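Secondary and tertiary structure notes
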Amino acid sequence: MKLGIVGLPGSGKTVVFKALTGGVEVLDRKGRQEPGIGVVKVSDYRLDFLAKYHKPKKVTPVHVEYLDISGISGDSKSGHSLGDKILAHIRPVEALVVVLQFFESPSMEAPDPVRDYNLIQDEMILSDLVTIEKRLERISKDMQRGRKELLEEHDLLHQAKDMLDQGSPLRLSPGIVQSEKMRGFAFLTAKPMIALVNAGEEKSREDIQEYLTKLSESAGGASGVMVDWLYADTEAEIARLSPEEAEEFLSEMSLDEGAKDRIVKKSFSLLNLIVFLTAGEPEVRAWPLSKGKTALKAAGVIHSDIERGFIRAEVVAFDDFREYGSMAAASKAGKVRLEGKEYVIQDGDIVLFRFNV
Ligand SMILES: Nc1nc2c(ncn2[C@@H]2O[C@H](COP(=O)(O)OP(=O)(O)OP(=O)(O)O)[C@@H](O)[C@H]2O)c(=O)[nH]1
Ligand SMILES: [Mg+2]
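If you're wondering where the values come from, they're calculated on a predicted model, not measured in any experiment.

With that out of the way, let us pick up the pairing of strand S9 (residues 283-290). Across three bridges, strand S3 (residues 58-60) lies against S9 in parallel orientation. In the sheet register, Thr60 faces S9, and the bridge partner there is Arg285. Examined bridge by bridge, strand S8 (residues 273-279) and S9 share seven bridges and lie antiparallel to one another. Bridge pairing in S9 links Phe276 to Trp287. Hairpin connection between S8 and S9: a loop of three residues separates the two successive antiparallel strands.

Quick look at the structure:
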C-alpha cells in the first residue's frame, strides 16, 4: 500500500514522514522533486502469534510505503496547477495524508488548519480540472471525426467538470469516479485522504479538537476523508525509540498509541482493507485485501497460478486457531472450513489454498 504525504510548504511534511516511518529523511537523488520514500512494516499480534507457533524461515508483515511529496503551494489562483512531475508522484498513491500546520512559526502567518485544508483542496480541484479540460479538448475533436464510442467518457467528464466547477471534490460522487472510463485518470480529489493536523506542543487538546471538528465539517462527511492529529516533532522522536521506550514516553503524554501505528490502522479502514494470513514452515505472512473480496481474488493476490488452479481454500479464523492452539485441534473442533471460490474472506482468516496447475 502506498500513501502520499502532501501539504503546504513548511507544514511539517518531512517531520510527519519521520514520525510515521521512524526513518530518517531520504535525501533527493538529483531532482529536488524526488520524494523521500519510507517503508513501514505493519505490526500485527496475529502475525507474531503465528510466527511463534510455526517458527518459519521468514515472517512477512504488510508493508506500507510512504512518500514525502513536496510541491503543493496553496497558490492555485496563479493559473498554474501542480507540475507534471509532482502529479506523476501523487497519481499512483492509494491515499493522501494531508499535513496541516498547527504550530507557531516566526516565518509564517498564524496557523489555521481549516484555511490550509481549503487551499489544498482548491489546488487539487484545479489540477483535476486541467486534466479534464485537456482530455475533453482531445475527445471533442475525435468525436467530430465520428468516434461515437467516446460519448460516454465525454459525458462523464462533463459531469465531473461540473462538480469541480462548483468546488466539490470528486470523491463525493463515487458513481462517476469509479466508473470504468474514469478510473484511469486517478483524479486527486477522488483519492481517499487523512487530514492530519500537525500540532505544536504548545497546543492544548481542546484547541486541537476544535479544529478537528471544523475539519470534519469542511470535509462534508464524505466517506473518503478522515481527520486526525499528532505532535509530529515529538512523534518523530518516539518513532526512533525501542517499543518499550516508546510505550513509556507515550503513556507520559497520556497517548495510548503512537501515530505510526494509528495512521496505518486508519488508512486500512479508510481504504476498506482487511488482512488475511498464510502460515507454514517456510513463511508466515500477512496480506492486505479489499473488504468483500472472494477466496479466488485472495488467491490471485498471492500468485496468478494459485488463482488459475484454485481448487479450494482451507480457512480458520485467527481467534479459533488461538483458542484451540493447533491446526489439528481446531480441525477436530470443526473450526477449519473448506471454502470455495466464492467465499468472502474475513479479516484475520488464516487461509491455505489448494490449487493445481
Ligand atoms: N514546533 C514545531 N515545529 C515543527 C513541527 N513540525 C515541523 N516543524 C518545523 O517546521 C519546519 C518545517 O518542517 P518540515 O517538516 O521540513 O516541513 P516540510 O513541509 O517538509 O517543508 P518543505 O518540504 O520545505 O515544504 C521545521 O523547522 C520544523 O522543525 C511541530 O510539530 N512543531
Ligand atoms: Mg520537506
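So much for the structure itself; the text now carries on.
With their axes 7 Å apart at the nearest point, helix H1 (residues 13-21) and helix H11 (residues 259-270) run at an angle of 90° to one another. Judged on the interaxial angle alone, H11 and H1 are roughly perpendicular. Where H1 abuts H11, its residues Ala19, Leu20 and Thr21 lie against Ala259, Lys260 and Ile263. For the contact of H1 with H11, the residue count by class is four nonpolar, one polar and one charged.

Core analysis: the biggest nonpolar cluster contains 38 residues, and Ile5, Val16, Val64, Tyr66 and Phe268 have the highest contact counts within it. Ranked by residues supplied to this core, first place goes to H11 with five residues. No fewer than three residues from each of domain 1 (2-270) and domain 2 (292-355) sit in this core. Sequence-distant contacts of Val64, that is, excluding residues within four places in its chain, are made with Met1, Leu3, Gly38, Val39, Val40, Val42, Val264 and Phe268. Among the nonpolar cores identified, the runner-up in size contains 37 residues, and Leu67, Leu100, Ile120 and Ala219 belong to it.

Turning our attention to the site of ligand 1. Around ligand 1, a shell composed of 14 residues is seen, among which Gly12, Lys13, Thr14, Val15 and Asn198 lie nearest. In the environment of ligand 1, an oxygen atom lies 2.9 Å from a nitrogen or oxygen atom belonging to the backbone of Val15. About the coverage of ligand 1: the protein hides 61% of its 640 Å² of free accessible area. Broken down by secondary-structure element, the contributors of at least two residues to the shell around ligand 1 are H1, strand S6 (193-199) and helix H9 (232-238). The greatest single-element share of the shell around ligand 1, amounting to three residues, is contributed by H1. Here the shell around ligand 1 is built from residues that sort into six nonpolar, six polar and two charged.

Attention shifts here to the packing of aromatic side chains. According to the stated counting rule, one finds ten aromatic pairs in the structure shown. Between Phe49 and Phe321, the ring centres sit 6.2 Å apart and the planes meet at 85°, which makes this aromatic pair edge-to-face. Here Phe49 is found in helix H2 (residues 45-54), whereas its partner Phe321 is found in helix H14 (residues 318-324), with 272 residues between them in sequence. Assessed through its relative accessible area of 1%, Phe321 is described here as buried. Counting every residue linked through ring pairs, the aromatic cluster contains Tyr45, Phe49, Tyr53, Phe318 and Phe321.

So, how was this worked out
- Residues numbered from 1 in each chain as written.
- Chains lettered and ligands numbered in written order.
- Predicted model: local features only at pLDDT ≥ 70, side-chain atom pairs only at ≥ 80, totals over all residues.
- Heavy atoms only, no water.
- Pairing = 2+ DSSP bridges.
- Helix = DSSP H or I, 4+ residues; strand = E, 2+ residues; numbered from the N terminus.
- Axes fitted to C-alpha atoms, helices over the stretch in contact; angles between N-to-C directions.
- Parallel < 35°, antiparallel > 145°, perpendicular 65-115°, else oblique.
- Contact = heavy atoms within 4.5 Å.
- Nonpolar A, V, L, I, M, F, W, Y, C, P; charged D, E, K, R; others polar.
- Core = buried A, V, L, I, M, F, W, Y, C linked by side-chain atoms within 4.5 Å.
- Buried < 20%, exposed > 50% of the residue type's maximum accessible area, 1.4 Å probe, protein only.
- Domains from an automatic or database assignment.
- Near = heavy atom within 4 Å.
- Polar contact = N/O pair within 3.5 Å; in protein donor to acceptor, adjacent residues only side chain to side chain.
- Areas by Shrake-Rupley, 256 points an atom, 1.4 Å probe, with all protein chains shown as cover.
- Phe/Tyr/Trp six-rings, centres within 6.5 Å; stacked < 30°, edge-to-face > 60°.

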